[in-house]
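Residues per chain are reported as follows:
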Amino acid sequence: MKRYSLLFLIFIALGLVSCTKDFEEINKNPNAIVKEEASARYFITDPQYRLYAPDRYPYWRANLIHTDRYAGYFTFGFNGCWWSDELGYSYSSGYTDASWDWMSGYFGSIDNFLKLTQAGGDFENDLMHAVGIIIKGLYYQMYTDLFGELPYTEAGQEGIVTPAYDEQKTIYQGIIEELDAAMMTIGDNTKTGEGIDDLGENDLYFGGDLTKWKKLANSLKLRMALRAFGAPGADFAGPAITEALNAGDFLENESDNCIMEKDDVISQWSSACYGDVWHNFGLGSNWHVGQPLVDNLRNNNDPRLEKYAVPAAGGVIDLIRPAEDPGRTLFDKHVAFVTQSLTDAGVAFTETVDGDTVTIDMPLNMYYVGQPVRMGGDVYSYIRYEFFSEPAPEIIAKKNSGTNMWDEIIMTTAEAYFLRAEAALKGFTGDAQSLYQEGIRQAMKIWGVADGDIDNFLATEDMALLNGTDEQNLEKVSIQRWLACYTDGFEGWAIARKSGYPAELTQTLTDPEIYGLGDINGLYPERLRYGSNVQTQDPDNYNIVISRQGPDRQDTQLWWAK
């Protein structure tokens, strides 16, 4: 049985929403929850799981259609899939609106918890409030890194119906200041109180352990400060990096990993996982692991490869030349692209040509092959499902199937080490090499890689050594951090946009006979467009934003992007 039951907690929380304003009325009802039993701890679960495991609608459209694919982790567009891999690179209001509506609508959930726990709130508790502020930081970092400028300073203020949108540097600086205040409030406290004032097991991230919340806050501060570092007007970033490093409170061992165990009972329409999409629609909505990810693992003998993916099914596959153009003329080019992808992956296959039929005989379940990203409609028929690797079973496990579901990543110890290594390479304090290798160790341990295999990788692989130029070393750190964020497309995509790595993912594509160039003419996507309702419901703020930030397009770079 899980350590928490979301259904039970939601039931309690919903009941409390209608009763916390008048405890005297509660006391008149012998069947109601009395004041002595009521606590803000029953309201922490909702903002926690809705931020990382929302219902299937945004999970499918925000995670899978957009961020996981922009991060290069997953791909569509194989023969038999419902779409080409151009999906998401060509704007669709339905898909983007689902992402916007979820993220913008989430604000009320965390704002409610903060107002309940603030001074004078129904459940005033400064330590619970500090935890809420840290969750707010996680939220706003995800939210602004998706869309750019957002309502922040005026958000949630009484009487303001259309709050002003703030520049990203204002949001980043504000969240860092709020994280500082939260860490100061926590101080040396280890829990939020006693009895009903203790978050305890209602806290899905850390079980109420404030020492870990403080580590998360400082690690998040370093993440945001490094992302802002070098951006126009980010004078606060350098001092914030130094402060975070001097504070020394970082996620530092396996027990500090901030991950959320998935509930295996609650409806997918309340809290979803990858398996809810994978198993609901058959082959049409399945996906492969992306080529940039598989290549970086396989080509560096990384033992996580078998944890992240499974070997391609293989088999005997016939590719048939179409009877008409343009497919008939492009057939040889498309087949050559596919066979080159197999060759680059080290696959020992045979190719037989018989008139207009090319037969590929590929060994069964032997080779890890990532599917090239952003495949266009013209090459769709030749991107056969059997050629490429699926995600590992744990990632796409169906709820209550007996297979463990991979947890939701909030922030890992590995990333905290990689951030410190990056800071050291950029001239701040720290031993970049030792921090980098510990980051790799922690990144592998979270996926269950054996210690001996980790030791061997660190001792024998060039990827484990920061032995190049400053830029080459930063590339290694960025790629390892990106690999460690696998299944967290939001952060993986942000890493690629800030660093430019992996370069094979972020390059501009130019061949429309192979790739789906989308609305942005082959450029790497930089953001999502705002929800379509913003233009109609808040045109004044919308016009201010686009005049300041740039056109409301997917190729408009964010303030901090490389």
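Source: prediction; values computed, not measured. (Residues numbered from 1 in each chain as written. Predicted model: local features only at pLDDT ≥ 70, side-chain atom pairs only at ≥ 80, totals over all residues. Heavy atoms only, no water.)

A complete count under the given rule lists three cavities of 30 Å³ or more for this structure. Space inside the largest cavity adds up to approximately 180 Å³. For the lining of the largest cavity, the secondary-structure elements that each account for two or more residues are helix H3 (45–52), helix H4 (56–70), helix H10 (274–278), strand S9 (408–411) and helix H18 (489–499). In terms of residue count, the dominant contributor to the lining of the largest cavity is H4 (three residues). The residue makeup of the lining of the largest cavity, split by class, is twelve nonpolar, four polar and six charged. Tyr52, Leu138, Gln141, Met142, Arg223, Ile410, Asp488, Phe490 and Glu491 together form the lining of the second largest cavity. No other element matches helix H6 (residues 126–147), which puts three residues into the lining of the second largest cavity. (1 Å grid on protein atoms, 1.4 Å probe; cavity = no way out; pocket = protein on both sides within 12 Å on 5 of 7 lines; lining within 4 Å. Points joined across faces, edges and corners; volume = space filled by probe spheres on them. Helix = DSSP H or I, 4+ residues; strand = E, 2+ residues; numbered from the N terminus. Nonpolar A, V, L, I, M, F, W, Y, C, P; charged D, E, K, R; others polar.)

Turning our attention to helix H7 (residues 168–186). Along its 19 residues, H7 runs 27 Å from first to last C-alpha, staying within 8% of the 27 Å computed at 1.5 Å per residue. When H7 is considered as a whole, its buried residues turn out to be Gln168, Ile171, Tyr172, Gly174, Ile175, Ile176, Glu178, Leu179, Ala182, Met183 and Ile186. Buried-residue contacts for H7 involve H6, strand S2 (150–151), strand S3 (165–166), helix H8 (210–228) and helix H9 (237–247). Downstream of H7 by a residue or two, glycine 187 has a phi angle that is positive, lying close to 55°. (Expected span 1.5 Å × (residues − 1). Buried < 20%, exposed > 50% of the residue type's maximum accessible area, 1.4 Å probe, protein only. Contact = heavy atoms within 4.5 Å.)

Turning next to the pattern of salt bridges. For the structure on display, the rule yields 34 salt bridges. A salt bridge links arginine 328 to aspartate 356; the shortest N-O distance between them is 3.3 Å. Remark: aspartate 356 occurs in the loop between strand S7 (350–354) and strand S8 (357–362) and arginine 328 occurs in helix H13 (residues 327–344); sequence separation between them is 28 residues. Residue class for aspartate 356 comes out partly exposed when judged on its relative accessible area of 33%. A salt bridge links aspartate 462 to lysine 476; the nearest nitrogen and oxygen atoms lie 3.1 Å apart. Here aspartate 462, found in the loop between helix H16 (451–460) and helix H17 (470–484), pairs with lysine 476, found in helix H17; they are 14 residues apart in sequence, far enough to count as distant. Where salt bridges share partners, they join Asp145, Arg223, Arg227, Glu415, Glu422, Lys426, Arg481 and Glu491 into one cluster. (Salt bridge = Lys/Arg side-chain N within 4 Å of Asp/Glu carboxyl O.)

Okay, H6 next. A rise of 1.5 Å per residue sets the reference length of H6, with its 22 residues, at 32 Å; its end C-alpha atoms lie 31 Å apart and thus fit the reference within 8%. Of all 22 residues in H6, 20 are buried; the element is thus mostly enclosed. Among the residues of H6, the N-terminal cap falls to asparagine 125, whose side-chain oxygen and the backbone nitrogen of leucine 127 are separated by 3.0 Å. One or two positions beyond H6, positive phi appears at glycine 148, with a value near 105°. (Polar contact = N/O pair within 3.5 Å; in protein donor to acceptor, adjacent residues only side chain to side chain.)

Attention now goes to the layout of surface pockets. By volume, the largest pocket amounts to about 380 Å³. As for the largest pocket, its lining consists of 17 residues, of which Trp100, Ser104, Pro151, Pro163 and Tyr165 are closest to the centre. If you list the elements that add at least two residues to the lining of the largest pocket, you get helix H5 (93–117), H6 and helix H20 (532–537). Taken as a whole, the second largest pocket spans an internal volume of roughly 300 Å³.

Scope: geometric values only; no functional claims are made or implied.
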